[in-house]
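Architecture and fold: a report
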Amino acid sequence: MKPSAVHSTPSAPVTDQSSAVVLDVRSREEFAFGHVPGSYNIPLHELPQRLNDIRALGRPLILCCASGQRSGQAVHYLRSQGIACENGGSWLEVRYNLLNESGGCCG
């Protein structure tokens, strides 16, 4: 994914994960087989066309995918567009971290 010709200052990483939105950049098929509860699914290849939808979320984003590679690419692109986000890695890691942060348990 190529960054836009419009340059902006990269945004800072997300520090308060409790106020962040989880954005899963895997395919719809992958998402259907399992995802972080309450997360949004916008596949990596759709990000340039969905920037307005992403901005409308209005909160910092934690991006995830299967391993962290696609979400890493997405973070690079979205930060170049001035969107605050960080790479959460695997969706399983993000789910685990959010459950532990909120006092929930895995089971």
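This section reports on the structure supplied with the text. (Residues numbered from 1 in each chain as written. Predicted model: local features only at pLDDT ≥ 70, side-chain atom pairs only at ≥ 80, totals over all residues. Heavy atoms only, no water.)

Description of the state of the cysteines
Linking two cysteines covalently via their sulfur atoms produces the bond known as a disulfide. Tallied over the entire structure, the rule returns 0 disulfides. Lacking any disulfide linkage, C64 is separated from the closest cysteine sulfur, that of C65, by 7.1 Å. (Disulfide = S-S within 2.5 Å.)

Describing the pairing of strand β4 (residues 85-90)
Counted residue by residue, β4 has 5 buried out of 6 residues, so it is predominantly covered. Pairing of strand β3 (residues 61-65) with β4, which is carried by 5 bridges, proceeds in the parallel orientation. Bridging from a neighbouring strand, L63 pairs with N87 of β4. Crossover connection from β3 via helix α3 (residues 69-80) to parallel β4: handedness right-handed. (Buried < 20%, exposed > 50% of the residue type's maximum accessible area, 1.4 Å probe, protein only. Helix = DSSP H or I, 4+ residues; strand = E, 2+ residues; numbered from the N terminus. Pairing = 2+ DSSP bridges. Right-handed = clockwise from strand over helix to strand, strands pointing away.)

As for the environment of A20
Of note, A20 is situated in the segment before β1 (21-24). Separated by 41 residues in the primary sequence, A20 and L61 have C-alpha atoms spaced 5.3 Å apart.

Quick look at the nonpolar core
Generally speaking, soluble globular proteins have nonpolar side chains that are buried together. Core analysis: the biggest nonpolar cluster contains 17 residues, and L23, V25, L47, I54, L61, L63 and L78 have the highest contact counts within it. The element best represented in this core is α3, accounting for 4 residues. The residues contacting I54, other than those within four sequence positions of it, are L23, I42, L47, L61, L78 and I83. Listed in part, the 7 residues of the second largest apolar core include V22, I62, C64 and W91. (Core = buried A, V, L, I, M, F, W, Y, C linked by side-chain atoms within 4.5 Å. Contact = heavy atoms within 4.5 Å.)

Notes on the sheet that holds β1
Two modes of strand pairing occur in sheets, parallel and antiparallel, and in both the strands are linked by backbone hydrogen bonds. Here we have 4 strands laid out as an open sheet, ordered β2-β1-β3-β4, and parallel in their pairing. The strands lining the two open edges of the sheet, one partner per strand, are β2 (40-41) and β4. By the bridge criterion, 2 bridges tie β1 to β2 in an arrangement that is parallel. Across the sheet, D24 pairs through a bridge with N41, a residue of β2. Sheet strands touched by helix α4 (residues 91-101): β1, β3 and β4. Its angle to β4, the strand with the most contacts, is close to 105 degrees. (Axes fitted to C-alpha atoms, helices over the stretch in contact; angles between N-to-C directions.)

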